[in-house]
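# Analysis of the macromolecular model
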Amino acid sequence: MALLPGCASAQVETVITSLKRAHSPFQLGARFRADANAAARAAMQRDYTEARKRLAPVIAYCDQLATPTRDVVSVANAAEYEAFVTAATSGKPVEWIDSACPSAYKMAAFVDIETRDHERALAMLEKTSAIAPYWAEPHAERGYLLNQLGRVSEGLASYQRAWELVERYESNDYARALVLRGLGYTYIELHDLDRAEDLYRQSLQVDPGNSTAERELEYIRQQRERSQLPQ
């Protein structure tokens, strides 16, 4: 999912996740994987009209999956499913649904961000996390968007939640460096350069040579130099 340019330096990251999470052709929503992937391809080509067209039937289907007699959840593996069922309090049976649904919601949020419908993007990210509660990436995306809207304290909370999920669930390990960079950027916005530097250096241990992290570390160095100039 593409992230908007940051205020620190020209920070832009594009992360559109392919559907790699747990999948069975028998899971509810599995037949919509092709539509979700087609929407992602259209969005990468900036054809947002086509992306919305592809997403519309997927979202309409996914919106009606939870019912008064059934809860639904999209998780990456059986351990996550058991954790969700164990923590559930509604007493309703829980159907394990395909990742096409949360992926479609998240892609819709991406399109909304790109077309500057930020409130709708936030709503879509909330829906994503509601149906895929152990997926870290939507929380990171929400954190970045909140930062762009100047709601940095809320952005930090979202990134911290993303990091909790990275630490707890192995299925999120691929997002470790991304979340560390997001936290680093947030601490720059909060004027805590020491914490930001530490987080970016941690991210480079996971993702050596990442140009975004290296640019942000250079920005931090420049900011420190400026702060030492005579006023």
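Data block above holds the structure.
Report on the accompanying structure. (Residues numbered from 1 in each chain as written. Predicted model: local features only at pLDDT ≥ 70, side-chain atom pairs only at ≥ 80, totals over all residues. Heavy atoms only, no water.)

Here the structure, examined in full by the defined rule, presents 1 disulfide. Note that Cys62 is cross-linked by a disulfide to Cys101, the S-S spacing being 2.0 Å. Sign of the S-S torsion, about -85 degrees for the bond between Cys62 and Cys101, identifies this disulfide as left-handed. Placement of the pair is Cys62 in helix α2 (residues 48-63) and Cys101 in helix α4 (residues 100-114), with a sequence separation of 39 residues. You'll find Cys62 and Cys101 in the same group, each marked buried. (Disulfide = S-S within 2.5 Å. Helix = DSSP H or I, 4+ residues; strand = E, 2+ residues; numbered from the N terminus. Buried < 20%, exposed > 50% of the residue type's maximum accessible area, 1.4 Å probe, protein only.)

The next thing to look at is helix α7 (residues 152-168). When the terminal C-alpha atoms of α7 are compared, their 24 Å separation across 17 residues agrees well with the 24 Å that a helix rising 1.5 Å per residue should span. Elements in contact with the buried residues of α7: α6 (137-148) and α8 (176-189). (Expected span 1.5 Å × (residues − 1). Contact = heavy atoms within 4.5 Å.)

Turning to the packing of helix α1 (residues 33-44) against α2, a few remarks are in order. Between α1 and α2, the least distance of the axes is 8 Å, while the angle of their chain directions is 165 degrees. The angle between the axes of α1 and α2 places the two elements in the roughly antiparallel class. As α1 runs across α2, the sense of the crossing is left-handed. Residue-level contacts link Asp35, Ala38, Ala39, Ala42 and Ala43 of α1 to Tyr48, Glu50, Ala51, Arg54, Leu55 and Val58 of α2. Its residues placed into classes, the contact of α1 with α2 shows 8 nonpolar, no polar and 3 charged. (Axes fitted to C-alpha atoms, helices over the stretch in contact; angles between N-to-C directions. Parallel < 35°, antiparallel > 145°, perpendicular 65-115°, else oblique. Left-handed = near helix turned anticlockwise from the far one by under 90°. Nonpolar A, V, L, I, M, F, W, Y, C, P; charged D, E, K, R; others polar.)

Before going further, it helps to spend a moment on the nonpolar core. Core analysis: the biggest nonpolar cluster contains 34 residues, and Leu55, Ile59, Met107 and Ile131 have the highest contact counts within it. Put simply, the parts of the chain that give this core at least two residues each are α1, α2, α4, α5 (118-131) and α6. In terms of residue count, the dominant contributor to this core is α4 (10 residues). Not counting chain neighbours up to four residues away, the residues in contact with Leu55 comprise Ala39, Ala104, Met107 and Ala108. One finds Leu156, Val166, Ala213 and Tyr219 within the second-largest nonpolar core, a separate group that totals 31 residues. (Core = buried A, V, L, I, M, F, W, Y, C linked by side-chain atoms within 4.5 Å.)

The final tally for this structure, using the stated rule, is 23 salt bridges. For Asp173, the salt bridge is made with Arg176, and the minimal N-O distance between the two is 3.0 Å. One network of salt bridges, in which partners are shared, links Arg52, Asp112, Asp117 and Arg120. (Salt bridge = Lys/Arg side-chain N within 4 Å of Asp/Glu carboxyl O.)

The next subject is the packing of aromatic side chains. With the rule as written, the count across this model stands at 6 aromatic pairs. Considering the side-chain rings of Tyr48 and Phe110, the 6.5 Å spacing of their centres and the 75 degrees angle between planes classify their relative orientation as edge-to-face. Residue Tyr48 is found in helix α2, and its partner Phe110 is found in helix α4; the two are separated by 62 residues along the sequence. The pair formed by Tyr48 and Phe110 is uniform in burial state, with each residue classed as buried. Taken together, a centroid distance of 5.5 Å and an interplanar angle of 15 degrees make the contact between Tyr81 and Trp96 stacked. On the criterion of sequence distance, the pair formed by Tyr81 in helix α3 (residues 78-87) and Trp96 in strand β2 (residues 94-96) is long-range, its members being 15 residues apart. Chaining the aromatic ring pairs together yields one cluster made of Phe84, Tyr134 and Tyr169. Between the NZ or CZ atom of Arg31 and the centre of the ring of Tyr61, over which it lies, the distance is 5.1 Å. Over the ring of Tyr187 we find Arg195, and its NZ or CZ is 5.7 Å from the ring centre. (Phe/Tyr/Trp six-rings, centres within 6.5 Å; stacked < 30°, edge-to-face > 60°. Lys NZ or Arg CZ within 6 Å of the ring centre and 35° of its normal.)

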